Amino acid sequence: MSRSSDDRATELRELFFESAQELLQALNDEALKLEKKPGDIEAVRSLRRAIHTLKGDAAACGYRELSELAHEFEDVLALEIGTAAHAEVAEVALAAADVFAEMLAGYRKKKKVPSGETLRRRIHKLAQQPLKKTGRKKTSSAPSPHAVWTEYESLAIRTALQQGRNVYHVTAHIDPECAMPVAARQLIQNALQGVGEVLAIRPEAGGRETTRAVEAALASPATLQEISAKCHIPSIVSKITINAIRPSKGRQKSVDPVAKVEATEERAPVPTPAAESAESAEENHDPASAAANSSTSSADNILRVDAERIDNVLNLLGELIIGKSMLQQTLNEFSRHFPKDPLRHKFSDAMAFQARVLGDLQRAVMKIRMVPVEQLFRRFPRIVRDVARQCGKDVQLVLSGKETDLDKSILDGIAEPLTHMVRNAVSHGIEPAEERQKLGKAAQGIVKLDAYHQGNQVIVEVSDDGRGIDAAKVRAKAITMGLATAEEAPRMSETEMLDFIFKPGFSTAEQVTEISGRGVGMDVVQSVLHRMKGTVSVETRAGQGTTFRLKLPLTLAIIKALMFQVEQRLYAIPLNAVAEISRATEGEVHQVDNYEVLQLRNQTLPLVRLGYVPQGPETHNKKFFVMVINVGEKKFGLIVDSLAGEEELVIKALDDQVVATELVSGASILGDGRVVLILNLNSIVERMSRSRPDQAGTVVAGLLFSRPEPARQDASTQSPEVQA
């Protein structure tokens, strides 16, 4: 029994950690809104909801430190200070999000939980600040606190309303001279129970409460005057505010009592019949209530599933696809041996049906793995705000394409590279306000994050309207680091020059700061993208800004591939990387600076030869296939011996003991049992760019093929293993 109880506790904690991340994100979002609009009532309410939920969930899991700290912050937000135009409220909320995140990390890793004393002092200091006038017309009868009912309490209120009972939101303000507010809470509860049924009450019993008000949802047949008289306890209660909670007409079954309390919060305690009629009309057209009901309905249909379980389903689906290939291979052999057998057509129909269902199943599973990039984009407003403050800049973040879907594993993989590029855009790209104004720009810089689909890829762009990348600085730094010689650098194109920023240790920052300038980051960005079979490219204009463009596959698990043979071995590359396929002869291949090129429709196409150059005079007319490949902004021709067709391949990762080269990214098993290696085109292009004419002949083939290369007589017959 104890083991079963431990398992349930562990599962509860895992659910808490997962939901807590969403609550922290909501806390950051609302705090940023509050920073832009101090005193925004809706933002304060959303803050209180997130903190209240976090407090309750943490207490249920036994995380007392986090629960108590959240409780104290919730109490302060329940005071009038929460709706006052204090900029410090947003600052404390953002600090609370950071402290809560550190505490959660400590709980999850079972390490020492950081102290929250600094945050606690800021919360107490915030509670003591004088109120500032916000300029809004204040309604004297409006209660300043606002309770957040639990789902169970909301259900009780909804049920009472459906039964036709009168339900009231009662707020009893405790006298400032009352020395025992905890005892006062109990007296008020006793008084409420004397006139009806208490469906919900705040603060909860047994809590350490510092607020000076008690709120309750009361179902009572008594009149408002009778309730007020009963609750007005001398020397304990200084003021009573009562608001009727009513369901919307025509939508009584779906009413959200929490939303209705919010809607009636600033209305008079005892509304007149005319006011009631106007209020009902307003409630029927309340978009906030409709949104709340809609979100509640959609939330009921969400099922949380561990990502590992989905990965297991995907692995089984991959085995089914391999099994389908095996059956298809067997059917082909059966058709060759028994071409007139009547069972052949039945087998074909069954295979076609299975292939169709399997395709639908694959799309359904892949759709489950897809999540909108909004989940990743939501973290960047806070990052941009913090980095801009550290740098003393005014920067606005513009997000678009948040609904674009991407594989969850890829989304998690690009989080760190994208964060680095956004921080770079703020710290390196955007100029200080004074410099921007001198250049005729707006003082506020703009960083844009965009995502969209392009064929079978997803494009994620990070752009800014800053100073751009100085090509002269990049060129000078490349020469200093020995990445290019003084003679080679002037002949390089701008694209080739900008590729240097992805080299390890490369940085043009004049000073090292906490944010940037250490030469660490962009090389990691490129390596992560290559590992995920994606690419990163950069476009820049001096004085106008820079755009980094990430091209990513929709998924890493299953790809449409084009298979081919080189040196009688089978290889594959993603089909979407192939622009076209052409035929050529060895006589059409020319040498330029010891590199092989091909003239294709008035364009000079660099060639990559994975095998060896055939020897002898008779090879001049030997034909081969050239697959024109696009990798990022680069185009080259891949020389192969023969084509083996298209196939849907399930990618299997390989460890270094099986294939000790970065030129192969994975493998797959065909229906006939053959193993096909999947080439990493990004690594091949990178190996091309690193090779020089005097190093030709030792780039790729020696890694893919173990047999020694034949001796060559002259430079014209030399073949680099990767030639460009």
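The rules behind these values
Residue numbers run consecutively from 1 along every chain, following the written order of its sequence. Only residues with pLDDT of at least 70 get local features here, since the model is predicted, and only at 80 or more are side-chain atom pairs given and counted; chain-wide, interface and lining totals rely on the full set of residues. The basis for the side-chain values is all heavy atoms of the structure; hydrogens and waters are excluded. Fitted lines through C-alpha atoms serve as axes, helices being fitted only where they are in contact, and the angles separating the N-to-C directions of these axes extend from 0 to 180 degrees. Under the DSSP-based scheme used, a helix requires at least four consecutive residues in state H or I and a strand at least two consecutive residues in state E, with every element numbered from the N terminus. Crossing handedness: left-handed means the near helix sits turned counterclockwise from the far one by under a right angle, and right-handed means the same turn made clockwise. Contact definition: two residues touch when any of their heavy atoms are within 4.5 Å. Lys, Arg, Asp and Glu make up the charged group, whereas Ala, Val, Leu, Ile, Met, Phe, Trp, Tyr, Cys and Pro make up the nonpolar group; the residues left over, Gly among them, are polar. We place a 1 Å grid over just the protein atoms. Points where a 1.4 Å probe fits but has no way out form a cavity, open points with protein on both sides within 12 Å along at least 5 of 7 lines form a pocket, and any residue with an atom within 4 Å of a point lines it. Grid points are joined across faces, edges and corners, and a volume is the space filled by probe spheres set on the points. At least two bridges found by DSSP between two strands is the condition for calling them paired. To sort residues, take the accessible area from a 1.4 Å probe on protein chains only and compare it with the maximum for the residue type: under 20% means buried, over 50% means exposed, and anything in between is partly exposed. pLDDT is a residue-level measure of predictor confidence that goes from 0 to 100. Salt bridge criterion: a side-chain nitrogen from Lys or Arg within 4 Å of a carboxyl oxygen from Asp or Glu.

Enquirer: Explain the packing of helix 17 (residues 415–429) against helix 21 (residues 522–531) here, please?
Expert: Between two packed helices, what matters for the description is the angle formed by their axes and the separation of those axes. Running from amino to carboxyl end, helix 17 crosses helix 21 at an angle of 145 degrees, the nearest separation of the two axes being 9 Å. Between helix 17 and helix 21 lies a crossing of left-handed hand. Contacts from Pro417, His420, Met421 and Asn424 in helix 17 reach Met522, Val525, Val528 and Leu529 in helix 21. The residue makeup of the contact of helix 17 with helix 21, split by class, is six nonpolar, two polar and no charged.

Enquirer: How should I be thinking about empty space enclosed by the protein in this particular structure?
Expert: A probe matching the size of a water molecule, rolled over the atoms, marks out where space remains unfilled. Throughout the structure, instances matching the rule amount to two cavities of 30 Å³ or more. Estimates place the volume of the largest cavity at around 40 Å³. Along its surface, the largest cavity is lined by Ile321, Ile322, Ser325, Glu647, Glu648, Leu649, Val650, Ser668, Ile669 and Leu670.

Enquirer: Is there a simple way to think about the sheet that holds strand 21 (residues 664–669) in this case?
Expert: Whenever strands of a sheet pair, they do so through backbone hydrogen bonds, lying parallel or antiparallel. Read across the sheet, five strands follow the order 20-12-13-22-21 without closing on themselves; strand pairing throughout is mixed. If you trace the sheet from one side to the other, it starts and ends with strand 20 (642–650) and strand 21, each paired once. When the angles between neighbouring strand axes are averaged without regard to direction, this sheet yields 35 degrees. Relative to strand 13 (residues 569–574), strand 12 (residues 558–566) runs antiparallel, the two being bridged by six bridges.

Enquirer: What is the right way to read the pairing of strand 4 (residues 237–245) from this model?
Expert: If a strand is regular, its side chains alternate between the two faces of the sheet. For strand 4, a buried count of seven out of nine residues is recorded, marking the element as mostly surrounded by other parts of the structure. Here strand 1 (residues 167–174) runs beside strand 4; their pairing, made up of eight bridges, is antiparallel. Considered in strand 4, the bridge of Ala172 is made with Ile240.

Enquirer: When you look at the confidence of the model for the protein in this model, what are you seeing that I'm missing?
Expert: Low pLDDT means the predicted coordinates in that region are not meant to be read closely. Per-residue confidence for the protein gives a mean pLDDT of 75; residues scoring 70 or more make up 77%. Across the protein, the secondary-structure element scoring lowest on mean pLDDT is helix 9 (residues 257–264), at 35, and the one scoring highest is strand 6 (residues 395–400), at 91. Segment residues 133–145: pLDDT under 50, and 29 contacts once partners within four positions in sequence are set aside and those in other chains are kept. Contacts for the low-pLDDT stretch residues 250–299, under 50 throughout, to residues beyond four places or in other chains number 78 contacts.

Enquirer: Honestly, the pattern of salt bridges in this entry has me stumped. Any pointers?
Expert: In a structure, side chains of opposite charge can pair up when their charged atoms sit close to one another. According to the stated counting rule, one finds 27 salt bridges in the structure shown. In this structure, Arg108 engages Glu14 in a salt bridge whose closest nitrogen and oxygen atoms are separated by 3.4 Å. In this pair, Arg108 sits in helix 4 (residues 87–109) while Glu14 sits in helix 1 (residues 2–36), placing the two residues 94 residues apart along the sequence. Given the relative accessible area of 45%, Arg108 is considered partly exposed. As a salt-bridge pair, Arg467 and Glu435 come within 3.4 Å of each other at their nearest N and O atoms. Remark: Glu435 occurs in helix 18 (residues 433–438) and Arg467 occurs in the loop between strand 9 (457–464) and helix 19 (471–480); sequence separation between them is 32 residues. For Arg467, a relative accessible area of 32% puts it in the partly exposed group. Connected through shared salt-bridge partners, Glu35, Glu91, Asp98, Arg382, Arg385, Asp386 and Arg389 make up one network.

Enquirer: Can you walk me through unusual backbone geometry in this structure?
Expert: Glycine aside, a negative phi is what most residues show, and trans is what most peptide bonds show. Phi is positive for Lys110, close to 55 degrees, though the residue is something other than glycine. Note that Lys110 resides in the loop between helix 4 and helix 5 (117–127). You can call Lys110 exposed: its relative accessible area is 77%. At Arg601, a residue that is not glycine, the phi angle is positive and equals roughly 50 degrees. Secondary-structure assignment places Arg601 in the loop between strand 16 (595–600) and strand 17 (603–609).

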